[in-house]
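Coordinate analysis (summary)
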Amino acid sequence: MLHNSDIWLAIATLVPLLVVALVLTPLGRNPRHAAILAIGGYSTSLGLALWTVARKLLARGHMGQMGHLGAAKPILWTWLTIHTSAAAREYPNSLRMGVAVDSLTLVTFLLTALIALLVGIYVIGIVDDRRIRPGWFAWSNLFVFGMFSMVVAASVLELFAAGVLATVGIWGMAGAAWRGPCEASVRRMIPLPLLGDAFFLLGICLLLVHCNPAVLALPQVNGVAPIMASLGVALHASGVVGVLQSDGPSRLMGLGWWDWSGILMVLGIAGKAAQFPLHTWAVETTPAATPTGALTAGLLIAVAGPYLTARLIPLLNVDVRLLAAMAAAATLCFGALCSLTASDIKRGLMWLVSAQAGLSILFLVTGSYVAGLYESIYLALSGTCLFICAGTVLHCTGGESDFRRLGGLWRSLPVTAAASLLVCSAAMGLLLFGQPNMLVAGFENLRHIGAQIGEYGNLLYWLPLVACYLILFGLARWWWLIFGGAWRGTGAAPGGESAVRLFPLVLLALGSLMCGQPLLGISGLLAKSRPDLLFPPYTTGAHSVFAVQMANRLAWAWPMAIAVVVAIYSNGLGRAEKIRRLPGPNLIYRWLDAELYFYDLYGAVSRVIISGLAAVLGAADRWVIGWLVVSIGLIVRLISIVFATLDWRLTSVVASGGGLLSPAGGNFRAPVKWRWFFPLAIFFILAAAALLILLLAVSYT
Amino acid sequence: MHFFAYSSILTCLIFLPFIGAAIIALLPAARTRLIRNSALAVFAGMLAICVALARLLNWHAGWQLMQSAHWFGGLRYSVGADGLTALTLLALCGLAFIAALASYVIDEQTKTWYVLLLVLSGCLVGAICSMDMMLFAGFGALNILPGYFLFGLWGGPSRRAAAMKYAMIATLGAMAMFIAVMLLWLQCKDAGLLNPPHSVAAVAAASAIRPPVHAAEPALTHATLAFSRLGAFDIRRFDNLIGGRGPWVAFLLVMLALAVRMGLPGGHIWLPDTMAEGTASALGLAVGGNFLLAVYTLLRLVGPLFAQQLAEHRSGLLVWGIAGLIYAAFCALAQSDLRRLIAYWLTSQAAMVLLAFATLEHAGIKAIELFASGDTLTLMLLLWSSHVLARRTAGRDLNSLGGIASLSPEFFTVALVGFLAGMACPGLSLFPAELFAAMANFSAAHHDMSPTSAGWFHNHSFIFAAFASALGFALLAAALYWAMERIFLGAVRPEYHHFTRLTAAERGIFIVLVTAEFALGLFPAALVLGPASYILGHATG
């Protein structure tokens, strides 16, 4: 097995799990030791991943072994044997797990390991902060293990399992391992990813029931796409997919099982990447420590969401892809809008990251595979970098996260300011080192598809474009309100950049600037892993008239955004405040400030419906049913007393030979007025029983 | 001679705990250590016999290692085993051994405790090994008694009321089972299923070691109503009883008994109070053991015998399962007592078992078998976590806890495994069960969605079941996450600063349970589905 170079990647995946175990031993009691263990683990994983790449290069040259996942030789073991029906038994029905590696796997693994390592190094810079707990490193390693497992997964079920682990890791990092008031946030954060996971599992089960389980193996998934492309919704068995019957009878609300499976899986992706309608959870992690936010934004949202989409698009048919595109476009718009009025530096940033993840997923589901993944890589590096910038600001200002009390920090934090400005400038593939061609191709694709949809189809192009302008404005606003203008806080502007904190910052900034460079060959590697998609890219985005127009539009967007921000915020928040007080803008501001009322909506559902129902049913179960049981017990007791008394009276009568009313000869001393009660009660009970028997007899005959 | 050779292994297994209990009862009460070690030896012996049984058994054949003897009247002592029995016995004896290990915390009336624990184990083992329905019902009813004393003598301040509630409702369930069995017995006579007993030699020959595949179906029909002949029993002959409603009444009675035994919604009313007041080890064995027994009954008795009633009334079962699952999940969300939360968690799991069973799909049967092992194991882990917590915090009120994760990361880690297992996290024991249950729902939906079927709801009922189970799963997971948050996160309360580290014994029990959780989650095919494949595929129909 060691001849297969993928085994090294499998070992690299398991390293964070080993670190989790080590952190739980006495070795990890000291936060600094735990941090060193974590960094050692990430470095080892990164080293092993690089070693795998090197072996592949040496084996064939020119990355010959890093192509399409369908051509990969996965390492697999049978986990379960599925028999869903008699027909399914005709196909090999083993549900297999393991490791499958293609060029996308390698790129994403390297990216994940690099980001984890750099965040780990950043944590070393703040490890002396007394709020940190060693357990945080265990959780972060569990999260990274989940991410690695997702990247090397050989089956859809593994993607799900790894996603669940990553969510658990985020939950732990956000709530369990950092001293701070973030419990309420954690409580609000977890339900939506949970719901997403539940939907994802249902989608997988639907696939398992209707298909040969082999379809869940990712190397086989690519083979599904051509079938889907040629046959559309109705699938037929052709060696790869063992569909039990045509889609006809299995329709629910006009959709076939394949549509439902796709929709459920898209909801699963939405739960991971904070996409509409499960988009509100991500900002709830922002009260947690900065490294938690950095890993959430930089890995879970920016990498996991697009990666899952890239792996699953062959399983999504046309309608579902369009639905996913609409959801991603909605997130893009919502995120961009919500970032405009955010007053918390991390909250605003998280909205921007979530929106850009929407752009990446939008490109992917509309067929711009390379552009989508490029956006994901850029977002992973830039999102992590900006979160680390935010962490540095928070650290220097003693935890001040409100824009209104920041500003002018470029003087005291010059490197941080410069790095974050470069990263913001590189958004949308702009600036000298970026590669806007891919984005231009993505937008061109959107325009073509939009034109084919029909009357309102062009919204699929225009809405994301406007949202991208808003994102650029949001980024410019974010930077300016922290670093530009004058210091708005109390006392002197704080300072204090440390080399340990700056090192990951600078590396990430350079990475986000350079990742689009053709010289690095990343786009070529990504293109190698592209499955045969239902939506082929319509143009390369290089030479058409539209491409030139689009490149110009994007090129002018950033200077325009800067100009507008400077015009509004050059004198502090005064002008913005004046604009906000105008009746129309005030209404919009309130809407945006309430984050489009999604919190109120979900909060109402959560508090009123779920919590209310839970309280009512819980109380009913405990008290109503409890009292019912007690009442039955009391009735039984009463009847037993009646019978016991009657029995005593009768025996007394027999023993004394006297009348029923004579109390002599026993211990029972009933008052005179109750003396007729028991015989009467017995009489009525017997009469009722006789009546019941009579009724039963009549009914049976 | 053969009779007392291999075929008596089940008899040994049944009577070993009773003999052990008798011997321990004769020991002086002051010799606590001796009593404890003796009881542990007996439980270890039971586990060893189970392992031997698993090695002796041909897993790809039907009934084996049978033994039968005349008892009195028309009743017979008749025991036997197949893959399903052996698997259930292994789970039960493993559970009993862990419960015995966890009983080291009992300091008062130790002798009585272990005697009752052994009697309870013996009753449960006896019920599982029975091939005769009357014997099965008898052992099943008998386990109420030790359960009542175990809950009534040790535990919280309201333990007597809780034990009384348990005894009353469990007796009701046992009576329902008895009446159903009596009705069936009456019918057996007419159906000619009470043949004269076979010779001992024939029985011994039939229970030879590792009989060839498909050759182990002897006509052991001399029992009251032998499980091995359930397939041959035509319940339609039963229609002449109770105005033609005989099969329906028997089915209803058996389901009522199972609802009480496994804590299905409606029959669960004893469970929260008992859970809140009982001790962890007694609850683990009594509640977990009864859950195992109920699932075994579902597969062994209800499936083959009431196939027609199941097909006719699956919509009712489905509604019961869906409503119960959602109801239990909501109730779990409202709890502030950890033990009550665990009780509602178990109720929701029972509802999931019912949902999987109502599908009448192969995947559903697999799910049930996986639920049986996973739920009992996870229940024990959750109960043990709650016990460890309560010992250190003198209470289980979730709202008065907090910050435990930072006080004891070790405890947090192992308890976390229990909570994650409870929400069917991948890699842990309940995940494969949930997977198969959801698949069974979709599979049933696929089969039900025929254009000829009448009614939109009927055509889509299992789709609703699948989505309801997803909603229930999400609610349950939210309840468990919220409980974890209240226990482990937040600021450390001053009163818990003395929260001590785990003792060696506590750690040992946790290691066993957590290892088993991962083993079942990662290798379900090898540990559960493989051994039970023959019986799940053939004997249950």
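Scoring rules and cut-offs
- Residues numbered from 1 in each chain as written.
- Chains lettered and ligands numbered in written order.
- Predicted model: local features only at pLDDT ≥ 70, side-chain atom pairs only at ≥ 80, totals over all residues.
- Heavy atoms only, no water.
- Helix = DSSP H or I, 4+ residues; strand = E, 2+ residues; numbered from the N terminus.
- Buried < 20%, exposed > 50% of the residue type's maximum accessible area, 1.4 Å probe, protein only.
- Areas by Shrake-Rupley, 256 points an atom, 1.4 Å probe, with all protein chains shown as cover.
- Contact = heavy atoms within 4.5 Å.
- Expected span 1.5 Å × (residues − 1).
- 1 Å grid on protein atoms, 1.4 Å probe; cavity = no way out; pocket = protein on both sides within 12 Å on 5 of 7 lines; lining within 4 Å.
- Points joined across faces, edges and corners; volume = space filled by probe spheres on them.
- Nonpolar A, V, L, I, M, F, W, Y, C, P; charged D, E, K, R; others polar.
- Salt bridge = Lys/Arg side-chain N within 4 Å of Asp/Glu carboxyl O.
- Polar contact = N/O pair within 3.5 Å; in protein donor to acceptor, adjacent residues only side chain to side chain.
- Phe/Tyr/Trp six-rings, centres within 6.5 Å; stacked < 30°, edge-to-face > 60°.
- Lys NZ or Arg CZ within 6 Å of the ring centre and 35° of its normal.
- Bend = angle between axes of the 7 residues up to and from the residue.
- Axes fitted to C-alpha atoms, helices over the stretch in contact; angles between N-to-C directions.
- Parallel < 35°, antiparallel > 145°, perpendicular 65-115°, else oblique.
- Lys, Arg positive; Asp, Glu negative; His and termini not counted.
- Core = buried A, V, L, I, M, F, W, Y, C linked by side-chain atoms within 4.5 Å.
- Patch = residues over 30% accessible without salt bridge, like charges linked within 9 Å, V, L, I, M, F, W, Y side chains within 5 Å.
- Disulfide = S-S within 2.5 Å.

Before going further, it helps to spend a moment on the overall build of chain A. Helix and strand counts for chain A come out as 23 helices and two strands. In chain A, which comprises 701 residues, the share counted as buried stands at 57%. Of the roughly 27500 Å² of accessible surface on chain A, a fraction of 69% belongs to carbon and sulfur atoms.

Helix and strand counts for chain B stand at 21 helices and two strands. Across the 541 residues in chain B, those meeting the buried criterion constitute 66%. Counted over contacts in chain B with a minimum sequence separation of 6, partners at least 24 positions apart contribute 82%.

Turning next to helix H16 (residues 459-483) of chain A. All names here are of chain A. Across its 25 residues, H16 extends 35 Å between first and last C-alpha, which sits within 8% of the 36 Å expected from 1.5 Å per residue. Most of H16 sits out of view: 19 of its 25 residues are buried. Looking at the residues trailing H16, positive phi occurs at Gly485, about 65°.

Attention now moves to the environment of Glu410(B). All names here are of chain B. Residue position: Glu410 is located in helix H16 (residues 409-422). For Glu410, a relative accessible area of 27% gives the class partly exposed. Sequence separation between Glu410 and Arg507 is 97 residues, and the spatial gap between their C-alpha atoms is 9.0 Å. When residues no more than four places from it in sequence are discounted, the contact partners of Glu410 are Arg501, Leu502 and Arg507.

Of the volumes computed, that of the second largest pocket is approximately 970 Å³. Taken together, 32 residues form the lining of the second largest pocket, with Arg187(A), Pro191(A), Tyr602(A), Ser606(A) and Ile610(A) sitting closest to its centre. Counting only elements with at least two residues in the lining of the second largest pocket, the list comes to helix H6 (183-189), helix H7 (191-210) and helix H22 (598-656) of chain A together with helix H12 (307-334) and helix H18 (456-488) of chain B. Broken down by element, the lining of the second largest pocket gets its largest block of residues, 10 residues, from H22(A). Per-class residue counts for the lining of the second largest pocket are 22 nonpolar, four polar and six charged.

Residues and elements named next belong to chain A. This structure, assessed with the given rule, holds 13 salt bridges over all chains. For Arg347, the salt bridge identified is with Glu595, shortest N-O distance 3.0 Å. Here Glu595 lies in the loop between helix H21 (583-593) and H22 and Arg347 lies in helix H12 (residues 345-365), a separation of 248 residues in the sequence. On the accessibility criterion, Arg347 (21% relative accessible area) is partly exposed.

This next bit is on unusual backbone geometry. Residue Phe276(A) is joined to Pro277(A) through a cis peptide bond whose omega torsion reads 5°. With respect to the helices, strands and loops of the structure, Pro277(A) is situated in the loop between helix H9 (257-273) and helix H10 (290-312). With a phi angle near 55°, Ala274(A) is a residue other than glycine that sits in the positive phi range. Structurally, the position occupied by Ala274(A) is in the loop between H9 and H10. Here Leu360(B), not a glycine, exhibits a phi torsion of approximately 55°, which is positive. As for its placement among the helices and strands, Leu360(B) is situated in the loop between helix H13 (338-358) and helix H14 (362-393).

Okay, the interface of chain B and chain A next. Contact residues are listed per partner, giving 66 residues for chain B and 59 residues for chain A. One can count zero salt bridges joining chain B with chain A. Where chain B touches chain A, the interface holds five residue pairs in polar contact (both at pLDDT 80 or more). Its residues assigned to classes, the side of chain B that touches chain A shows 47 nonpolar, 12 polar and seven charged.

What follows concerns the packing of aromatic side chains. All told, the structure shown has 30 aromatic pairs over all chains when counted by the stated rule. Centroid distance Phe15(B) to Tyr77(B): 6.1 Å. Interplanar angle 45°. Geometry classified as tilted. Of this pair, Phe15(B) sits in helix H1 (residues 9-26) while Tyr77(B) sits in strand E2 (residues 75-81), placing them 62 residues apart in sequence. By relative accessible area, which is 34% here, Phe15(B) ends up partly exposed. Each ring, one from Phe411(B) and one from Phe499(B), has its centre 6.0 Å from the other, and the planes form 40°; the classification is tilted. Within this pair, whereas Phe411(B) is found in helix H16, its partner Phe499(B) is found in the loop between H18 and helix H19 (504-522), the two being separated by 88 residues in sequence. Accessibility expressed as a relative area gives 1% for Phe411(B), which makes it buried. Among the aromatic side chains, those forming a connected cluster through ring pairs are Trp139(A), Trp171(A), Phe411(B), Phe412(B), Phe419(B), Tyr481(B), Phe488(B), Phe499(B) and Phe510(B). Geometry around Trp482(B) places Arg486(B) over its ring, the cationic atom sitting 3.8 Å from the centre.

Take helix H1 (residues 6-24) of chain A next. All names here are of chain A. With 19 residues, H1 should reach 27 Å at 1.5 Å per residue; the first-to-last C-alpha distance of 29 Å fits that figure. Helix geometry: H1 is bent most strongly at Leu14, by close to 25°, with proline Pro16 lying one to four residues after it. Listed in full, the buried residues belonging to H1 are Asp6, Ile7, Leu9, Ala10, Ala12, Thr13, Val15, Pro16, Val19, Val20 and Val23.

Moving on: the packing of H12(A) against helix H13 (residues 369-396) of chain A. Residues and elements named next belong to chain A. Following both chains from N to C, one finds H12 and H13 inclined at 175°, their axes separated by 8 Å at the closest point. By the angle class used here, H12 and H13 are roughly antiparallel. Across the contact of H12 with H13, the residue classes tally to 18 nonpolar, five polar and two charged.

Moving on: the environment of Ile7(A). With respect to the element layout, Ile7(A) can be found in helix H1. C-alpha of Ile7(A) to C-alpha of Leu48(A): the two residues are 41 residues apart in sequence and 9.8 Å apart in space.

Once that is clear, we can look at the environment of Trp558(A). Within the secondary structure, Trp558(A) sits in helix H19 (residues 545-569). For the pair formed by Trp558(A) and Ser425(A), sequence separation is 133 residues and the distance between their alpha carbons is 6.9 Å.

This paragraph deals with the packing of helix H3 (residues 103-125) of chain A against H13(A). Residues and elements named next belong to chain A. The contact between H3 and H13 brings their axes to 11 Å, and the two run at 5°. With respect to their mutual orientation, H3 and H13 come out roughly parallel. Side by side, H3 and H13 meet where Leu104, Val107, Leu111, Leu114, Ile115, Val119 and Tyr122 of the first sit next to Tyr369, Leu373, Ile377, Ala380, Leu381, Thr384, Ile388, Gly391 and Thr392 of the second. Here the residues of the contact of H3 with H13 are counted per class, giving 13 nonpolar, three polar and no charged.

It is worth spelling out the side chain of Asp621(A) at this point. Structurally, Asp621(A) is set in helix H22. One buried charged side chain, Asp621(A), makes no salt bridge at all; its nearest oppositely charged neighbour is Arg340(B), positioned 6.3 Å away. Among the polar contacts listed, one links the side chain of Asp621(A) to the side chain of His268(B), at a separation of 2.7 Å. Not counting residues within four places of it along the chain, the set of residues in contact with Asp621(A) comprises Gly626(A), His268(B), Pro272(B), Tyr327(B), Cys331(B) and Tyr344(B).

This part is about the nonpolar core. Grouped together as the largest cluster of nonpolar side chains are 434 residues, with contacts concentrated most on Trp171(A), Phe411(B) and Phe488(B). Of the residues forming this core, the biggest block, 19 residues, is contributed by H13(A).

On the surface, a nonpolar cluster with roughly 450 Å² of combined accessible area is contributed by Trp77(A), Phe518(B), Leu522(B), Phe523(B) and Leu527(B). Among the secondary structure elements, Leu522(B) is positioned in helix H19.

Turning our attention to the side chain of Ser512(A). With respect to the helices and strands, Ser512(A) occurs in helix H17 (residues 499-514). Using a relative accessible area of 1% as the deciding quantity, one classes Ser512(A) as buried.

What follows covers the state of the cysteines. Residues and elements named next belong to chain A. What the rule picks out here adds up to zero disulfides over all chains. Cys385 supplies the cysteine sulfur nearest to Cys389, a cysteine that is in no disulfide, at a spacing of 4.4 Å. No disulfide involves Cys515; its nearest neighbouring cysteine sulfur is the one of Cys385, lying 12 Å away.

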